[in-house]
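# Remarks on the overall topology
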2 protein chains.
Amino acid sequence: MTIKEQAAKMKLDSTKLAAQSLEARNKALQAVADALTEQRDKIIEANQQDLEKAEKDGLAAPILKRLKFNESKLQDVVKGIRDLIELPDPLGKVQMKRELDSDLVLVRESSPIGVIGVIFESRPDAMVQISTLCLKSGNCAILKGGSEAARTNKVLFEIIHQAAVAAGMPEGCMMQAEAREEISELLACNESVDLLIPRGSNSFVQYIMSNTKIPVMGHADGICHIYADKELDIDKAVRVIIDSKTQYTAVCNAVETLLVHKEAAEKLLPALNEAFQEKNVEVRGTKEIRDIIDCEESVEEDFATEYLDLIISVKTVENIEEAIEHINRYGSHHTDCILTEDRSAMQQFMQYVDSAGVYCNCSTRFADGYRYGFGAEVGISTGKLHARGPVGLEGLCTYKYKLFGNGNIVEDYAAGRREFHFKDIQP
Amino acid sequence: MTIKEQAAKMKLDSTKLAAQSLEARNKALQAVADALTEQRDKIIEANQQDLEKAEKDGLAAPILKRLKFNESKLQDVVKGIRDLIELPDPLGKVQMKRELDSDLVLVRESSPIGVIGVIFESRPDAMVQISTLCLKSGNCAILKGGSEAARTNKVLFEIIHQAAVAAGMPEGCMMQAEAREEISELLACNESVDLLIPRGSNSFVQYIMSNTKIPVMGHADGICHIYADKELDIDKAVRVIIDSKTQYTAVCNAVETLLVHKEAAEKLLPALNEAFQEKNVEVRGTKEIRDIIDCEESVEEDFATEYLDLIISVKTVENIEEAIEHINRYGSHHTDCILTEDRSAMQQFMQYVDSAGVYCNCSTRFADGYRYGFGAEVGISTGKLHARGPVGLEGLCTYKYKLFGNGNIVEDYAAGRREFHFKDIQP
């Protein structure tokens with residue numbers, strides 16, 4: 001069967017997965033966790049082969065690191081599944097219950113999206129995380145992992161799929177796409193696939209968006225900002241900026257640009273620069289910055305760059321309005337933070353900065369589903385439709401309107417024989 | 001300025017509209033309603049010119065009817081604005097408030113989407129409805145109406161825009177695109193436009209979806225079904241089927257296909273056919289239907305057709321499972337209804353039919369924002385991302401995460417010096 005035929009079949013079967021009880025879905029997740037633990041040797045062996053090939057092909061060290069799936073990674077994903085089991089059911093939640101008339105009741109209930117295509121990068125843990133998130137939320141998944149992890153992903157997929165089906169999930173609850181050319185087939189499945197989640201480079205996500213009619217959720221990049229306002233606590237500011245830049249650099253929620261109110265520059269920059277030097281952070285500053293500290297010179301392009309590295313661009317601003325405008329213009333609407341002790345500046349920043357996350361006095365690195373208490377995340381969305389920010393189980397759900405009547409017709413209301421009375425009922 | 005430059009400017013200005021208080025937005029809506037009333041003659045005169053041109057161009061009667069904007073239409077839209085003013089504020093609603101740690105609080109608040117492009121058909125009332133819905137929800141709007149209504153739309157836009165700005169809304173709160181070639185310019189504005197809402201034919205919506213990276217909300221078509229189960233009340237069934245088919249035929253929530261359980265056919269069809277004949281409905285049935293009543297013969301294609309006319313396709317099914325599968329395969333996931341007195345059949349249908357609206361014993365024509373008590377609607381979405389079903393003010397909003405800290409850094413949690421405790425606080 002082609003991907004298109006398989007996806008069409010999956011679409012029709014997706015309502016069977018959607019109808020599985022929470023108990024049945026959790027039982028399947030438990031079976032998956034057990035099977036992964038039991039078959040650890042097989043997984044680690046396949047991963048060894050992927051690693052050997054990757055080394056032979058001369059892949060870079062960070063890719064090799066992400067590719068590695070050892071005992072400790074296995075324990076992490078198994079713990080992730082056990083945490084997922086503990087999470088409340090995202091399905092069947094009554095979001096609204098309204099009497100339209102005495103014998104006509106409208107109920108809005110959460111339900112799975114249906115068929116989700118996920119295209120992810122070299123980390124094999126993503127295969128486990130995404131397939132189990134989809135199972136918990138009753139969504140069928142088409143999974144396409146990176147080619148470097150082909151052997152590991154194949155083994156992981158087979159273990160997960162078999163365990164889920166043996167525990168009672170429908171055969172078509174998930175499928176794997178393996179060949180690279182299958183991506184373009186998948187992009188054409190707009191009649192069967194309800195959502196695509198691409199995880200990868202900016203250019204890759206842009207390519208996906210340009211070549212499909214299927215809705216896409218994800219983020220292209222993360223140019224996060226910190227704005228240091230004039231009224232600020234220097235110690236707090238240095239601590240937050242250093243954490244935002246250095247706690248983990250190669251991630252979308254690390255800060256890339258620091259904007260400093262001109263009246264705060266003299267007191268903040270010397271202390272900050274010392275901390276940057278300790279952490280080997282390269283500073284690229286505008287002229288005003290270089291008048292105060294010794295650093296590289298920034299160019300316009302720096303402010304539109306996601307470094308994902310120990311580099312930060314720094315500039316001064318005349319006032320908070322300039323900071324907000326800079327962020328809305330150059331940022332990627334991901335996560336942006338103000339450092340201030342002034343309540344009204346904080347409110348202004350949080351109202352006018354148009355980002356998924358607007359923070360005050362805390363690290364941009366908090367932008368993460370786990371840290372928000374969602375238990376798990378499928379990614380971070382910088383789009384504004386559907387889910388925004390870290391996307392957990394709730395972001396993998398839609399809703400359905402159920403209308404319960406007793407022979408009601410619209411003509412009665414159109415002709416004025418009956419009238420609606422809208423009365424919300426506590427669900 | 002090109003559309004692209006205007007949209008980029010609008011995007012930066014959109015946060016100013018987003019920050020307007022409910023009082024200010026309602027005051028602007030009131031000013032718009034007053035201005036439309038005062039300048040009624042100018043509007044009706046412009047509409048007269050559009051109508052004359054349309055007649056000269058030989059446009060069909062239904063288009064002429066939709067194009068007409070007279071005193072009664074004016075009163076309708078003005079009443080619509082007054083109703084809109086009464087609706088609660090969709091912005092700034094606290095959807096979640098959670099303590100992540102003793103001094104770290106996460107708040108999720110509803111906010112406008114930003115810049116919305118709406119491309120609509122020949123009805124000039126749409127210009128008023130959509131621009132005022134966007135104002136109420138704090139969204140900037142790029143409005144492109146049908147060319148047949150060019151003069152009416154231009155006058156309406158100018159009145160609305162001037163009144164809104166005079167009442168304090170930012171200059172860039174709305175703009176009009178007039179030329180047809182501006183549509184393709186608009187489709188390329190993915191950096192500035194957050195959402196496109198195309199209203200029009202199936203092929204038009206498909207064209208939009210294929211030619212933009214901007215998320216699209218809308219529905220391509222509406223093939224709605226009614227399934228008459230074996231245990232049914234004949235009178236109720238006939239009433240609901242006739243209303244669903246004939247109360248207003250040229251709309252997406254009218255029923256197009258009737259599926260009849262084989263054990264219900266003998267008792268339902270003769271009574272139903274009589275009612276169909278009274279209303280001049282053409283019946284296209286399968287062989288099993290034609291064995292019971294005299295009607296046209298259906299072909300496979302009928303079941304994939306949105307007639308928007310006094311025609312209905314009818315077939316028998318072996319059981320409820322076959323009905324569900326038919327609906328999920330041929331339907332457009334808009335609105336589908338079961339007629340039954342059997343509670344478990346109802347539950348099965350509502351669980352397994354994958355549509356925005358699943359109904360029991362009531363007309364499919366209820367699928368409408370006004371009838372759901374949303375006060376107003378921007379359209380009906382058959383997609384599953386973001387809003388599904390009738391889209392009211394809530395569907396024009398997204399949310400923002402605000403995180404309030406006191407110098408909190410992620411490294412403290414990564415190093416185990418601090419631990420998250422997630423505690424939801426009643427907003």
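The paragraphs below set out a description of the structure included in this document. Each residue is numbered by its place in its chain's sequence as written, counting from 1. Just so you know, chain letters begin at A and ligand numbers begin at 1, following the order they were written in. Given that the model is predicted, a residue must reach a pLDDT of at least 70 before its local features are reported, and side-chain atom pairs must reach 80 or more before they are shown or counted; all residues, however, enter totals for whole chains, interfaces and linings. Computation of side-chain values covers all heavy atoms of the structure but excludes hydrogens and water.

Where helices and strands are cited, they refer to DSSP runs of H or I of at least four residues and of E of at least two residues respectively, numbered from the N terminus. From N to C terminus, chain A includes 15 helices and 17 strands. For this analysis, residues touch if any pair of their heavy atoms sits within 4.5 Å. Relative to all contacts within chain A whose residues are 6 or more apart in sequence, the contacts with residues 24 or more apart total 72%. Here chain A has roughly 17200 Å² of accessible surface; of this, 47% comes from carbon and sulfur atoms. Between the centroid of the 50 positive side chains of chain A and the centroid of its 68 negative side chains there is a distance of 5 Å. Calculation of accessible area relied on Shrake-Rupley with a 1.4 Å probe; when residues are assessed, cover is drawn exclusively from the protein chains displayed. In this tally, Lys and Arg are treated as positive and Asp and Glu as negative; His is ignored, and so are the chain termini. Throughout, a charge is located at the NZ atom of Lys, the CZ atom of Arg, the CG atom of Asp or the CD atom of Glu.

It is worth spelling out the relation of the copies chain A and chain B at this point. Superposing chain A onto chain B requires a rotation of 180° together with a translation of 0.0 Å along the rotation axis, leaving an RMSD of 0.0 Å. The transformation just described matches what one would write down for a two-fold rotation axis. Ranked by how close their C-alpha atoms come to the rotation axis, the residues of chain A are headed by His-386 of chain A, at 1.8 Å. Here the copies were fitted onto each other by least squares, based on C-alpha atoms from residues at pLDDT of at least 70 in both.

All names here are of chain B. The salt bridge definition used is simple: a Lys or Arg side-chain nitrogen within 4 Å of an Asp or Glu carboxyl oxygen. Within the structure shown, the criterion is met by 56 salt bridges over all chains. A salt bridge links Glu-256 to Lys-245, with the nearest nitrogen and oxygen atoms 2.9 Å apart. You can see Glu-256 sitting in strand E8 (residues 255-261) and its partner Lys-245 sitting in helix H10 (residues 234-246), a full 11 residues away along the chain. Side by side, Glu-256 and Lys-245 carry an identical accessibility label, which is buried. The residue Asp-412 makes a salt bridge to Arg-417 at a minimum N-O spacing of 2.9 Å. Relative accessible area decides the class of each residue, using a 1.4 Å probe on protein chains only: under 20% of the type maximum gives buried, over 50% gives exposed, and in between gives partly exposed.

The next subject is the sheet that holds strand E17 (residues 423-424) of chain B. We treat two strands as partners when DSSP finds at least two bridges between them. Spatial strand order, E10(A)-E9(A)-E11(A)-E8(A)-E7(A)-E12(A)-E13(A)-E16(B)-E2(B)-E1(B)-E17(B): 11 strands in an open sheet with mixed pairing. With partners counted over all chains shown, the strands left at the sheet margins are strand E10 (296-297) of chain A together with E17 of chain B, one partner each. With four bridges connecting them, strand E9 (residues 282-285) of chain A and strand E11 (residues 311-317) of chain A associate as parallel partners. By the bridge assignment for E11 of chain A, Glu-282 of chain A is matched with Ile-311 of chain A. Contacting strand E7 (224-228), strand E8 (255-261), E9 and E11 of chain A, helix H11 (residues 262-278) of chain A runs over the sheet at an angle of about 140° to E8 of chain A. Axis geometry follows a simple rule: fit a line to the C-alpha atoms, using only the stretch in contact for helices, then measure angles between N-to-C directions, giving values from 0 to 180 degrees.

The subject of this paragraph is unusual backbone geometry. At Asn-361 of chain A, a residue that is not glycine, the phi angle is positive and equals roughly 55°. Tracing the backbone through its elements, the reader meets Asn-361 of chain A in strand E13 (residues 357-362). Backbone geometry at His-386 of chain B places phi at a positive 60°, although glycine is not the residue there. Within the secondary structure, His-386 of chain B sits in the loop between strand E14 (379-381) and strand E15 (389-391). A residue is classified by how much of its surface remains accessible, and His-386 of chain B, at 12% relative accessible area, is buried.

Our next topic: the side chain of Asn-139 of chain A. Along the chain, the position of Asn-139 of chain A falls in the loop between helix H6 (125-136) and strand E4 (140-144). A polar contact of 2.7 Å, which involves the side chain of Asn-139 of chain A, links it to the backbone nitrogen of Gly-114 of chain A. N or O atoms within 3.5 Å of each other form a polar contact, as long as, within protein, one can give a hydrogen and the other can take it, and as long as residues adjacent in sequence are counted only when both atoms are side-chain atoms.

This next bit is on the environment of Gly-379 of chain A. Tracing the backbone through its elements, the reader meets Gly-379 of chain A in strand E14 (residues 379-381). As for Gly-379 of chain A and Phe-120 of chain A, which are separated by 259 residues in sequence, their C-alpha atoms are 11 Å apart.

Spatial strand order, E17(A)-E1(A)-E2(A)-E16(A)-E13(B)-E12(B)-E7(B)-E8(B)-E11(B)-E9(B)-E10(B): 11 strands in an open sheet with mixed pairing. The open sheet has two free edges, formed respectively by strand E17 (423-424) of chain A together with strand E10 (296-297) of chain B, since each of these has just one partner strand. Pairing geometry for strand E12 (residues 335-339) of chain B and strand E13 (residues 357-362) of chain B, over four bridges, is parallel. Looking across to E13 of chain B, one finds that Asp-336 of chain B is bridged to Val-358 of chain B. Helix-sheet contacts for helix H14 (residues 343-352) of chain B involve strand E16 (397-408) of chain A together with strand E7 (224-228), E12 and E13 of chain B, and the interaxial angle to E16 of chain A is about 145°.

Further remarks concern the interface of chain A and chain B. In this complex, chain A contributes 80 residues to the contact, which on the side of chain B involves 80 residues. Throughout, buried area stands for the accessible area (probe radius 1.4 Å) lost by two parts on being put together, summed over both. For the pair chain A and chain B, the summed buried area comes to about 7000 Å², and 59% of that belongs to carbon and sulfur atoms. Viewed at the interface, chain B and chain A are joined by six salt bridges. Notably, a salt bridge pairs Asp-354 of chain B with Lys-11 of chain A, separated by 3.9 Å at the nearest N-O pair. Remark: the boundary between chain A and chain B carries 51 residue pairs in polar contact (both at pLDDT 80 or more). In terms of residue count, E16 of chain A provides more of the side of chain A that touches chain B than any other element does, 11 residues in total. As paired strands, E13 of chain A and strand E16 (residues 397-408) of chain B are joined by five bridges and run parallel to one another. Pairing of Gly-357 of chain A across the sheet is with Tyr-401 of chain B, part of E16 of chain B.

Attention shifts here to the nonpolar core. By size, the foremost hydrophobic cluster in this structure holds 114 residues, and its most contacted members are Leu-36, Val-193, Val-260, Leu-268, Leu-272 and Phe-366 of chain B. Contacts of Leu-272 of chain B, omitting those with residues within four sequence positions, involve Val-238, Ile-241, Ile-242 and Leu-258 of chain B. Among the nonpolar cores identified, the runner-up in size contains 113 residues, and Ile-116, Cys-337, Tyr-372 and Ala-387 of chain A belong to it. Think of a nonpolar core as a cluster: buried Ala, Val, Leu, Ile, Met, Phe, Trp, Tyr and Cys residues, connected wherever their side-chain atoms sit within 4.5 Å.

Moving on to the environment of Arg-151 of chain B. Residues and elements named next belong to chain B. Looking at the secondary structure, you find Arg-151 in helix H7 (residues 150-166). C-alpha of Arg-151 to C-alpha of Gly-117: the two residues are 34 residues apart in sequence and 20 Å apart in space. Those residues in contact with Arg-151 that sit more than four places away from it in its chain are Ala-46, Gln-49, Asp-50 and Lys-53.

Before going further, it helps to examine the packing of aromatic side chains. Any two of the Phe, Tyr and Trp rings considered here, Trp counted by its six-membered ring, make a pair once their centres fall within 6.5 Å; the pair's planes then place it as stacked at under 30 degrees, edge-to-face at over 60, or tilted in between. Applying the stated criterion to the full structure yields 20 aromatic pairs over all chains. On the basis of an interplanar angle of 15° and a centroid distance of 6.4 Å, the ring pair of Tyr-227 of chain B and Phe-349 of chain B is categorised as stacked. One end of the pair, Tyr-227 of chain B, is in strand E7; the other, Phe-349 of chain B, is in helix H14, and 122 residues separate them in sequence. On the basis of an interplanar angle of 10° and a centroid distance of 5.7 Å, the ring pair of Phe-420 of chain B and Phe-422 of chain B is categorised as stacked. Residue class for Phe-420 of chain B comes out buried when judged on its relative accessible area of 16%. Among the aromatic residues, ring-to-ring pairing joins Phe-366 and Tyr-370 of chain A together with Tyr-413, Phe-420 and Phe-422 of chain B into one connected group. Comment: the charge-over-ring label is applied if NZ (Lys) or CZ (Arg) is within 6 Å of the ring centre and within 35 degrees of the ring normal. Positioned above the aromatic ring of Phe-303 of chain B, the side-chain terminus of Lys-315 of chain B is 5.6 Å from the ring centre.

Further remarks concern the pairing of strand E6 (residues 195-198) of chain A. The side chains of a regular strand alternate between both faces of the sheet. All names here are of chain A. Alternating residues of E6 divide into Leu-195 and Ile-197 and Leu-196 and Pro-198, and every residue in both groups is buried. One ladder, built from four bridges, connects strand E3 (residues 115-119) with E6; its direction is parallel. Opposite Ile-119, over in E6, you have Pro-198 as the bridge partner.

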